[in-house]
Amino acid sequence: MKFIETLKLALAAIWAHKLRSALTLLGMIVGVTAFVVVVSLIEGFNRYVDEKIAGIGAKSFTVQRFNPLEDFKDTDTIAAAQRRNKELTLDDYDYLRERAQLIGKIGARARGTPSEVKRGDEVLEDVFVSGATANCVDIENRDVAEGRFLAEPENESAARVAYIGADVANKLFPSGNSIGQEITIRGLPYRVIGVEAAKGTVFGIPQDTFIVIPLKTYSVNYGGLIRQRSLYFIATSITDEQFNDAVDESRFLMRVRRKLGPNEKDNFGIVTPDAITGLRDRIFGTIFIVAIAVPGIALIVGAIVIMNIMLVSVTERTKEIGIRKSLGARQMDILKQFLVEAVTLAIIGGAVGIFLAWVVGAIVTWWFFPTYLSILAILGALAASGGAGVASGIFPAWKAARLDPIEALRAD
Amino acid sequence: MSDATVTLSPTENVINAPATEVDGHDPSMLISMRDIWKTYQMGTEKVHALHGVSFDIPRGEYIAIIGPSGSGKSTLMNLIGCLDTPTQGQYWLNGKNVSEMDDDELARIRNQEVGFVFQTFNLLARATALHNVELPLIYGGVSASQRHEMAKQALTAVDLTDRMSHKPNELSGGQRQRVAIARALVNHPSILLADEPTGALDSHTSAEIMDLFERLHSEGNTIIVVTHEHDIAERAHRVISIRDGMIEKDERIR
Ligand SMILES: Nc1ncnc2c1ncn2[C@@H]1O[C@H](COP(=O)(O)OP(=O)(O)O)[C@@H](O)[C@H]1O
Ligand SMILES: [Mg+2]
């Protein structure tokens, strides 16, 4: 018997019991939908992050007080790092800038402080204010919409100028024309020199509620570059090919400057995009296992339900099996008929699950969070549901194939 | 096989004529049964449905197997049709020893050599008449277009040209039995086996079906009808009477 005949038979049998088939598949559909949605979320997130990293332009790395991957593993490592690692200083910055051969650009930055910002009666709470050297505009690939970024002389003289995010501009200057206007940050007047292009939200977090002021201005007005206001450096390599060498060179220079012996740990941290993606992969490894386990259980339940229904179906169709055998169907023909029916049923469930996951993914993408449905996820889901179909169909099909033709014909 | 036996035509073959035996059977016969037993184990008791049955059937014959209920007719028919194998004894069909065949070979024989007609028709309820008739061809691996042609021809042969796309519940009893006969004949089998084919039909329709058998016989088909009704048996050319699993009488009546 040809496969196409078997498939037609399976589809006819499934169609003959539409409602029952649909109910049978609920578990399967839930499992596959859950699986594909989770995979779409993870893949969407990965692509999003990759895109953001790519969007930064030239690859950059930061030199900072702590290495989050190494130092923040548990309370002991945090305590040890806090004892060992010293704050970076502007002298460290000058040291690196003068000696590093492979660094293209290096800027200095300070972690920011949520601050109150005012203009007239308009008050904004918790605007994130940070300090930066002028060259950070290129290193961080900032998109200036109006005016300009900070200039180095403004940094040197600790001028009170502000480069503001689109959100801040819109709220304080609803009618536009912010450049050259005065705003009050933490009680001190600043002059707006530039507005950044709107970035929208990333994972629901607004990206445009910030102000960047010159590093020195920040240091003077916020009380030194320590603790939450730690200094850190952000650097690019001369060419992308030399990126890793530039990272190694900076580490070497920092170790020399800190006079570390060959067996001592770094008492500073260098963070590269690879380290970030590595961390991400580690987090998602765990999420992925959970993401597979939950739909996996639903899939097993779905397979058991299909097996049950197939056993019922074999009993109901004993007479049909007898008739087919009397007309020359071999055991293999009957086995294939029921197995293909179970697998087809399961794959229909899988396909419905994939479709629902696609709908859910589209809604999630529209409202919250980028998702991505890859061919691999689709094929994986189809393979999993097909596999569940084989597992659930093989025993009922074997039972059907082994029926004695005379006994089967006697059934009604 | 010797030439002498091959050239023997069915009509010349008188029932009790000395058979030309090879390996304990007559190779010229379509069916050759030797000392067939069928025993069922019922708990601790053994039920002998057939006790040492032997007979030969040449090609082209029209035979009735008659006997009271429980005499072993259906058991015998299931053996002839290769739905079952004997507990003991030898059965040659078309020169092949069926008693030694495995499940798949038996299925192939049922598909190619045997056409069944059952008392309760045994049609697939969800399938059209045409599809029901196509079933044996599907298992015989016949291509879809050829299958269609052959099934249509078979339905035409039983005067159901205008009922091909009807489902069994849209057909009368007589029409259903004719679909079953078309299905039995579509593969051009060696034997047409009917177990109480008129058992579920009224007398008028029964007569029609029996006329159809007569016509099929005149066209060269070998027909075996199992019945407990004498008037049905009398339309055959040879009647084998069985009682308690044994052959009581085996006579040519025309
Ligand atoms: N599967 C079986 N198990 C046990 N006994 C059986 C079975 N099939 C038939 N028999 C017995 O074999 C005998 C012959 O049955 P059967 O061939 O159906 O008779 P008939 O068709 O002539 O009415 C009966 O006594 C019946 O009870
Ligand atoms: Mg019977």
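Provided above is the structure to which this section pertains.
First, a word on scope: everything that follows refers to the structure included in this document. (Residues numbered from 1 in each chain as written. Chains lettered and ligands numbered in written order. Predicted model: local features only at pLDDT ≥ 70, side-chain atom pairs only at ≥ 80, totals over all residues. Heavy atoms only, no water.)

Once that is clear, we can look at the environment of A:Lys2. Relative to the elements of secondary structure, A:Lys2 occurs in the segment before helix H1 (3-16). Between the C-alpha atoms of A:Lys2 and A:Asp333, which are 331 residues apart in sequence, the distance is 9.3 Å. Setting aside residues up to four positions removed in sequence, A:Lys2 forms contacts with B:Gly141, B:Val142 and B:Ser143. (Helix = DSSP H or I, 4+ residues; strand = E, 2+ residues; numbered from the N terminus. Contact = heavy atoms within 4.5 Å.)

Moving on to the side chain of B:Glu113. Residues and elements named next belong to chain B. Looking at the secondary structure, you find Glu 113 in the loop between helix H3 (103-112) and strand E6 (114-117). There is a polar contact of 3.5 Å between the side chain of Glu 113 and the side chain of Lys 96. Looking at Glu 113, its side chain comes within polar contact range of the side chain of Ser 190, at 2.5 Å. Excluding anything up to four places from it in sequence, Glu 113 contacts Leu 93, Asn 94, Lys 96, Pro 189, Ser 190 and Ile 191. (Polar contact = N/O pair within 3.5 Å; in protein donor to acceptor, adjacent residues only side chain to side chain.)

All names here are of chain B. Look at helix H4 (residues 129-139) against helix H6 (residues 173-185): their axes get within 7 Å of each other, and the N-to-C directions meet at 30°. Overall, the two elements H4 and H6 adopt an arrangement that is roughly parallel. Pair H4 / H6 crosses with right-handed handedness. Every residue of H6 that contacts H4 at Ala 129, Asn 132, Val 133 and Pro 136 is listed here: Val 179, Ala 182 and Arg 183. Taken together, the residues of the contact of H4 with H6 sort by class into 5 nonpolar, 1 polar and 1 charged. (Axes fitted to C-alpha atoms, helices over the stretch in contact; angles between N-to-C directions. Parallel < 35°, antiparallel > 145°, perpendicular 65-115°, else oblique. Left-handed = near helix turned anticlockwise from the far one by under 90°. Nonpolar A, V, L, I, M, F, W, Y, C, P; charged D, E, K, R; others polar.)

Moving on to the interface of chain B and chain A. The interface is formed by 24 residues belonging to chain B together with 21 residues belonging to chain A. Between chain B and chain A, a total of about 2,100 Å² is buried, with carbon and sulfur atoms accounting for 57% of that surface. By the criterion of area lost to chain A, the three top residues of chain B are B:Leu83, B:Arg126 and B:Tyr139, representing 32% of everything that side buries. On the surface where chain B and chain A come into contact, there are 1 salt bridge. (Buried area = accessible area lost by both parts, 1.4 Å probe. Salt bridge = Lys/Arg side-chain N within 4 Å of Asp/Glu carboxyl O.)

Glancing now at the pairing of strand E11 (residues 231-237) of chain A. All names here are of chain A. Counting buried residues along E11, 7 of its 7 residues qualify, which places the element largely inside the surrounding structure. Neither face of E11 is left uncovered, since the one carrying Leu 231, Phe 233, Ala 235 and Ser 237 and the one carrying Tyr 232, Ile 234 and Thr 236 both have all their residues buried. Relative to E11, strand E1 (residues 60-64) is paired through 4 bridges, and the arrangement is antiparallel. Bridge pairing in E11 places Ser 60 opposite Thr 236. Strand direction decides the pairing type here: strand E2 (residues 103-119) and E11, joined by 6 bridges, are antiparallel. (Buried < 20%, exposed > 50% of the residue type's maximum accessible area, 1.4 Å probe, protein only. Pairing = 2+ DSSP bridges.)

Bringing the sheet that holds strand E5 (residues 96-97) of chain B into the picture now. Residue and element names in this part refer to chain B. Across the sheet, which stays open at both edges, the 4 strands sit in the order E2-E1-E4-E5 with antiparallel pairing between neighbours. Each having just a single partner strand, strand E2 (45-57) and E5 make up the two edges of the open sheet. Across 5 bridges, the pairing between strand E1 (residues 31-42) and strand E4 (residues 88-93) is antiparallel. Bridge pairing in E4 places Arg 34 opposite Gln 90. Of the strands in this sheet, E1, E2 and E4 are in contact with helix H2 (residues 73-80), which crosses E1 at around 125°.

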